[in-house]
Amino acid sequence: MFAKAFRVKSNTAIKGSDRRKLRADVTTAFPTLGTDQVSELVPGKEELNIVKLYAYKGDAVTVYVSGGNPILFELEKNLYPTVYTLWSYPDLLPTFTTWPLVLEKLVGGADLMLPGLVMPPAGLPQVQKGDLCAISLVGNRAPVAIGVAAMSTAEMLTSGLKGRGFSVLHTYQDHLWRSGNKSSPPSIAPLALDSADLSEEKGSVQVDSTLQGDMRHMILEGEEENGEAHQACEEKSLSEAPEDTSTGGLNQDSTDSKTLQEQMDELLQQCFLHALKCRVKKADLPLLTSTFLGSHMFSCCPEGRQLDIKKSSYKKLSKFLQQMQQEQIIQVKELSKGVESIVAVDWKHPRITSFVIPEPSPTSQTIQEGSREQPYHPPDIKPLYCVPASMTLLFQESGHKKGSFLEGSEVRTIIINYAKKNDLVDADNKNLVKLDPILCDCILEKNEQHTVMKLPWDSLLTRCLEKLQPAYQVTFPGQEPIVKKGKICPIDITLAQRASNKKVTVVRNLEAYGLDPYSVAAILQQRCQASTTVTSAPGAKDSLQVQIQGNQVHHLGWLLLATMGWHLLLKGPACHAHNDH
């Protein structure tokens, strides 16, 4: 869950009532903790913060932070301890042991497969399916991960320790751990055994240690016998679904016999149910069907897959939603001419209540690991002023020459210092500045040379900035600043009508902000379910424009405004569309 960076929504100090509720929740979730231990974990007066964040898959998580370390996190009303907490209370959860080489896979987001378990002399801890468990490494009882058991202990033994054992939620070295002090696990000796068992355990560890270098092969062999993918630890997938069951056509084994259209139908229904179960709330209704598709269904599409309604048997969103309405899952109405909205959802419908939220399949996640692009981060854009030849005399005293770039605050400071240094502040009225020959030549018009002798401070500074040449600085994360003369062109969005009376949306000037027109076109094609083309922009050298079929101002505005937060960088109807909504 925390294998990749998360996004923090808020970070606030906990209230007294929330602190008391948290203690009660901890007592209920972890009954083995005594009163003193609960008070120690959730202190009465020490600083305790509530951090609300979104994991990289979109899960909303609440994290409780004490002393700079995350101690607990809450997901879907379930409370979980972090490794920092487990190091203080190593017996809080049933603990299973694995090999050190497996840890790297767990940190990367994989689940723990049963062939990777180390069988202790006393046998495996007794757990039921769905129980929360800790995972430690051979030789050290300090947990390095927590997960949910995918089957009971009896089922694990019956399976011959084959298949998925635990869905891992959090590990040592993941991003949640990195948000703390990044300390290493303490050294906690294994539980004491009697002398006979201890001797047997030492012998077992000694033999197993000679095989540790070949453990990857052992685990793979176990996977092959169970029909699983050839991986030491399988990437995250459905922890409660049978291992031979496909979710949304993501499992290669079950989709080989299905046509592309059948797979897309399954994916469409999966994203539909996922969006209703996890993302759409009653307060969101009525909800535009286009918004439901663009902002909710697409975000539920598994990594490595692309939702394309045109490749399904439905062909159109309206036809698919009509089918869902016939099944009495939703109710769709045309609230305004030609615009449909979802006005009601039956969240108690069996298809919604029985839907199991899928996690990325091993295949798709493996592919994405190697090919996923870095998330886009908008550049920092700063307006500058360039000194022209006509203003050189005014700025040379401060060490600047023709072509120097200055920020507005620097210009203000230079003008103020120049006026004070040359005794130009009016003695009778400190708000006025007398104009010497240099100021006259630099900022006055020809017809003002002999009539204007003084100017107020604000007028002087305004005139000076107007006489300077505009420039700007663009800084992309991790790169050197780029400084250019002139004004940066905003992203231009135009709604045009072609000879065939068909409307198209045209977007220009994406490159100035580090946006690849081809990537933007691909995103819009998927989100808008409309054809896109990238062509040379007329009248602009080495610049491209993206053209999308139909009026896609709303989707484009969402992409640039909601995702990137760039209200001031847009020029065109997207700005008005954003305000209207």
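In this text, all values refer to a predicted model and were calculated from it rather than measured experimentally.

Undergrad: How would you summarise the overall build of the protein chain if you had to cite specific residues and measurements?
TA: Across its full length, the protein chain carries 21 helices and 24 strands. Considering only intrachain contacts with a sequence separation of at least 6, the fraction spanning at least 24 residues in the protein chain is 60%. With an accessible surface of roughly 30200 Å², the protein chain has 51% of that area assigned to carbon and sulfur atoms.

Undergrad: An account of the packing of aromatic side chains is needed here, citing residue identities and associated values.
TA: Each aromatic ring pair is summarised here by two numbers: the centre-to-centre distance and the angle between the ring planes. Under the counting rule described, the total for this entry stands at 10 aromatic pairs. Both rings, one in W87 and one in Y172, keep their centres 6.1 Å apart while their planes meet at 65°; by these two values the pair is edge-to-face. Linking W87 in helix α3 (residues 83-88) with Y172 in the loop between β10 (164-171) and α6 (175-178), this pair joins segments that are 85 residues apart in sequence. Accessibility expressed as a relative area gives 11% for Y172, which makes it buried. Consider the rings of F272 and F320, whose centres lie 5.3 Å apart with planes at 90°: the pair is edge-to-face. Placement of F272 in helix α10 (residues 260-278) and of F320 in helix α12 (residues 317-326) is noted, with a sequence separation of 48 residues between them. Residue F272 shares its accessibility class with F320, and that shared class is buried. Feature note: the residues F2, F6, F73 and Y80 constitute an aromatic cluster, connected by ring pairs. For the cation-ring pair, K4 lies above Y56, with the distance from its terminal atom to the ring centre recorded as 5.0 Å.

Undergrad: So what about the sheet that holds strand β5 (residues 78-81)? Which residues, and what values?
TA: Across the sheet, 5 strands lie side by side as β1-β2-β3-β4-β5; this open sheet has antiparallel pairing. Both outer strands of the open sheet, β1 (7-13) and β5, are each paired with one neighbouring strand and no more. Across the sheet, the mean angle separating the axes of adjacent strands is 25° when strand polarity is ignored. Together, β2 (48-54), β3 (60-66), β4 (69-75) and β5 form the strand contacts of helix α1 (residues 16-29), whose direction differs from that of β5 by roughly 80°.

Undergrad: Can you lay out unusual backbone geometry for me, pointing to particular residues and giving the numbers?
TA: With omega at -5°, the peptide bond leading from L285 into P286 counts as cis. Assignment of secondary structure puts P286 in the loop between α10 and β11 (287-288). Phi angles above zero are rare outside glycine, and E76 is one such case at about 50°. For K182, which is not glycine, the phi torsion reads 60° and is therefore positive. Topologically, K182 is positioned in the loop between α6 and α7 (195-211). When its relative accessible area of 48% is taken as the criterion, K182 is described as partly exposed.

Undergrad: Tell me about helix α18 (residues 457-467), and name the residues and values.
TA: Turning to α18, its buried residues number three or more, namely W457, L460, L461 and C464. Looking straight down α18, one finds its buried side chains confined to an arc of 95°; they lie on one side. Of the exposed residues in α18, those oriented more than 90 degrees away from the buried face are D458 and E466. On its buried face, α18 sits against α15 (392-396), α16 (408-421), β16 (432-434), α17 (437-443) and β17 (454-456).

Undergrad: Help me get a handle on the environment of V504, residues and values and all.
TA: Looking at the secondary structure, you find V504 in strand β21 (residues 503-508). Along the sequence, V504 and T532 sit 28 residues apart, while their C-alpha atoms lie 9.5 Å from each other. Residues within four places of V504 in sequence aside, it is in contact with T494, L495, A496, R498, Q547, I548, Q549 and G550.

Undergrad: I'd like a rundown of the pattern of salt bridges, residues and numbers included.
TA: Under the counting rule described, the total for this entry stands at 10 salt bridges. Between D25 and K21 there is a salt bridge, with the nearest N and O atoms lying 2.9 Å from each other. With D25 and K21 both in helix α1 and 4 residues apart, this pair spans about one turn of that helix. Residue classification places D25 among the partly exposed residues on the basis of a relative accessible area of 29%.

Undergrad: So what about the nonpolar core? Which residues, and what values?
TA: Ranked by internal contacts, the top residues of the largest apolar core, which has 35 residues, are L22, V26, F30, L72 and F73. For this core, the secondary-structure elements that each account for two or more residues are α1, α2 (35-41), β2, β3, β4, β5, β8 (132-137) and β9 (140-149). Residues L267, L268, I329 and V345 belong to the second largest nonpolar core, which totals 31 residues.

Undergrad: Explain the sheet that holds β8 residue by residue, including any values.
TA: With respect to topology, 5 strands assemble into an open sheet ordered β6-β8-β9-β10-β7, the strand pairing being mixed. Every interior strand has two partners, whereas the edge strands, β6 (95-98) and β7 (112-113), have only one. Relative to β10, β7 runs antiparallel, the two sharing 2 bridges. Bridging from a neighbouring strand, L112 pairs with F166 of β10.

Undergrad: Summarise the state of the cysteines; cite the residues concerned and give the values.
TA: The final tally for this structure, using the stated rule, is 0 disulfides. The closest cysteine sulfur to the non-disulfide-bonded C440 is located on C442, 9.4 Å from its own sulfur. There is no disulfide at C442, and the cysteine sulfur nearest it, in C464, is 7.7 Å away.

Undergrad: Give a description of the packing of α10 against helix α11 (residues 289-297) that names residues and reports values.
TA: Axis separation between α10 and α11 bottoms out at 10 Å; the angle between their running directions is 90°. Classified by the angle their axes make, α10 and α11 are roughly perpendicular. Where α10 approaches α11, its residues L268, C271, F272, A275 and L276 are matched on the opposing element by F292, H296 and M297. Class assignment of the residues belonging to the contact of α10 with α11 gives a composition of 7 nonpolar, 1 polar and no charged.

Undergrad: Before we move on, could you go through the pairing of strand β23 (residues 544-549) and cite the residues and values that matter?
TA: Two elements, β21 and β23, share 5 bridges in a ladder whose sense is antiparallel. Residue pairing across strands places V506 opposite Q547, the latter belonging to β23. Sheet analysis places strand β22 (residues 532-536) next to β23, joined by 5 bridges and oriented antiparallel. Residue pairing across strands places T532 opposite I548, the latter belonging to β23.

Rules used throughout
Residues numbered from 1 in each chain as written. Predicted model: local features only at pLDDT ≥ 70, side-chain atom pairs only at ≥ 80, totals over all residues. Heavy atoms only, no water. Helix = DSSP H or I, 4+ residues; strand = E, 2+ residues; numbered from the N terminus. Contact = heavy atoms within 4.5 Å. Areas by Shrake-Rupley, 256 points an atom, 1.4 Å probe, with all protein chains shown as cover. Phe/Tyr/Trp six-rings, centres within 6.5 Å; stacked < 30°, edge-to-face > 60°. Buried < 20%, exposed > 50% of the residue type's maximum accessible area, 1.4 Å probe, protein only. Lys NZ or Arg CZ within 6 Å of the ring centre and 35° of its normal. Pairing = 2+ DSSP bridges. Axes fitted to C-alpha atoms, helices over the stretch in contact; angles between N-to-C directions. Arc of directions from axis to C-beta. Salt bridge = Lys/Arg side-chain N within 4 Å of Asp/Glu carboxyl O. Core = buried A, V, L, I, M, F, W, Y, C linked by side-chain atoms within 4.5 Å. Disulfide = S-S within 2.5 Å. Parallel < 35°, antiparallel > 145°, perpendicular 65-115°, else oblique. Nonpolar A, V, L, I, M, F, W, Y, C, P; charged D, E, K, R; others polar.

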